[in-house]
Amino acid sequence: MTKPSTLRIGSYNIQKCVGLDFRRQPQRIMQVLHGMQAEIVVLQEADKRLPPRPAALPHFMLDEAGWQIVDLGGAGSLGWHGNAVIWRGDHIKVRQTGHHDLPGLEPRGAVRVEFDTQIGPLRVMGMHLGLLPASRRQQITHIRHCDASLEQMPTVWAGDFNEWSRQPVLDNLAPEMQFLPPVPSYPAAQPLGALDRIALGYGVEAADHGVHGERPAHIASDHLPIWADLRRMV
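Keep in mind that what you see is a predicted model, and the values were worked out from it rather than measured.

Here we look at the nonpolar core
- Within the largest apolar cluster, 26 residues are counted, with the highest numbers of intra-cluster contacts made by Ile 9, Ile 40, Val 85, Phe 115, Val 156, Ile 198 and Leu 230.
- For this core, the elements supplying multiple residues, two or more each, are strand S1 (7-13), strand S2 (40-44), strand S4 (84-87), strand S6 (108-117), strand S7 (120-128), strand S8 (155-160), strand S10 (196-200) and strand S12 (226-232).
- Not counting residues up to four positions away in its chain, the partners in contact with Leu 230 are Ser 5, Thr 6, Leu 7, Ile 9, Ile 119, Leu 122, Val 156, Leu 200, Val 204 and Glu 205.

A look at unusual backbone geometry
- In this structure, the amide linkage connecting Tyr 186 to the following residue, Pro 187, adopts the cis form with an omega of -10 degrees.
- Relative to the helices and strands, Pro 187 is located in the loop between strand S9 (178-179) and S10.
- That bond from Arg 215 to Pro 216 is cis: its omega, 10 degrees, falls within 30 degrees of zero.
- Position of Pro 216 relative to the elements: it lies in the loop between strand S11 (204-211) and helix H4 (217-220).

A short note on the sheet that holds strand S5 (residues 93-102)
- With mixed pairing, six strands are arranged side by side in an open sheet as S5-S6-S7-S8-S10-S9. Both outer strands of the open sheet, S5 and S9, are each paired with one neighbouring strand and no more.
- With two bridges connecting them, S9 and S10 associate as antiparallel partners. Within S10, the residue paired with Phe 179 across the bridge is Ala 199.

Things to note about the sheet that holds S4
- The six strands are arranged S3-S4-S2-S1-S12-S11 in an open sheet whose pairing can be described as mixed. Of all strands in the sheet, those with a lone pairing partner are strand S3 (68-69) and S11, marking the two edges.
- Bridge count between S1 and S2: five bridges; the pairing is parallel. Residue pairing in the sheet places Asn 13 in a bridge with Gln 44 of S2.
- Strands S1, S2, S4 and S12 of the sheet are contacted by helix H1 (residues 26-36), whose axis makes an angle of about 155 degrees with S1.

Cut-offs applied
Residues numbered from 1 in each chain as written. Predicted model: local features only at pLDDT ≥ 70, side-chain atom pairs only at ≥ 80, totals over all residues. Heavy atoms only, no water. Core = buried A, V, L, I, M, F, W, Y, C linked by side-chain atoms within 4.5 Å. Buried < 20%, exposed > 50% of the residue type's maximum accessible area, 1.4 Å probe, protein only. Helix = DSSP H or I, 4+ residues; strand = E, 2+ residues; numbered from the N terminus. Contact = heavy atoms within 4.5 Å. Pairing = 2+ DSSP bridges. Axes fitted to C-alpha atoms, helices over the stretch in contact; angles between N-to-C directions.

This is the structure:
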């Protein structure tokens, strides 16, 4: 459980709620979300693939569990371009939202939510980067430029970065961001690749971070969720 002076953020590629047993079971994703004990979670592959891209994780399940869904403009979808942001707790309020089309050969996007939280204002950028290295480089550069054009605010990037290399490939493209040390999160049954990452910008640091591997996370998706306990830098 997070302390009052910290805020736990998570990132989870839920693979449209289809587990490693090829069964679509949203209730397993809900169990994992409960076990993470996060207050803000960035989701990837949160919507089904074909138009009109309905939510893979039903709205009513999140509502019943006390989660609120950031409205990112997708009619019937949970988010935008498969990226969604959910939160819970009376101490968190949404200030502003937005989204960004990302360059590359595949259709990709990033979402932006600015919150008021117990650790102060926080901008969360959620993303699911491309499969090709050149696309990922373009996308990180684009997100960096988008971030630089906004009002300065403590910022977190979180998502599925799709980067297998243990070298600081993406880190070097955004030197103002501190990428937290990688933790293997893929594939869920036997994690080898640290594809899911969290990076911190101005004004915020991590008291702790890790990967959530408790059951049924090992089978609910092909990724394990990651988390970080954030606190304001003094």
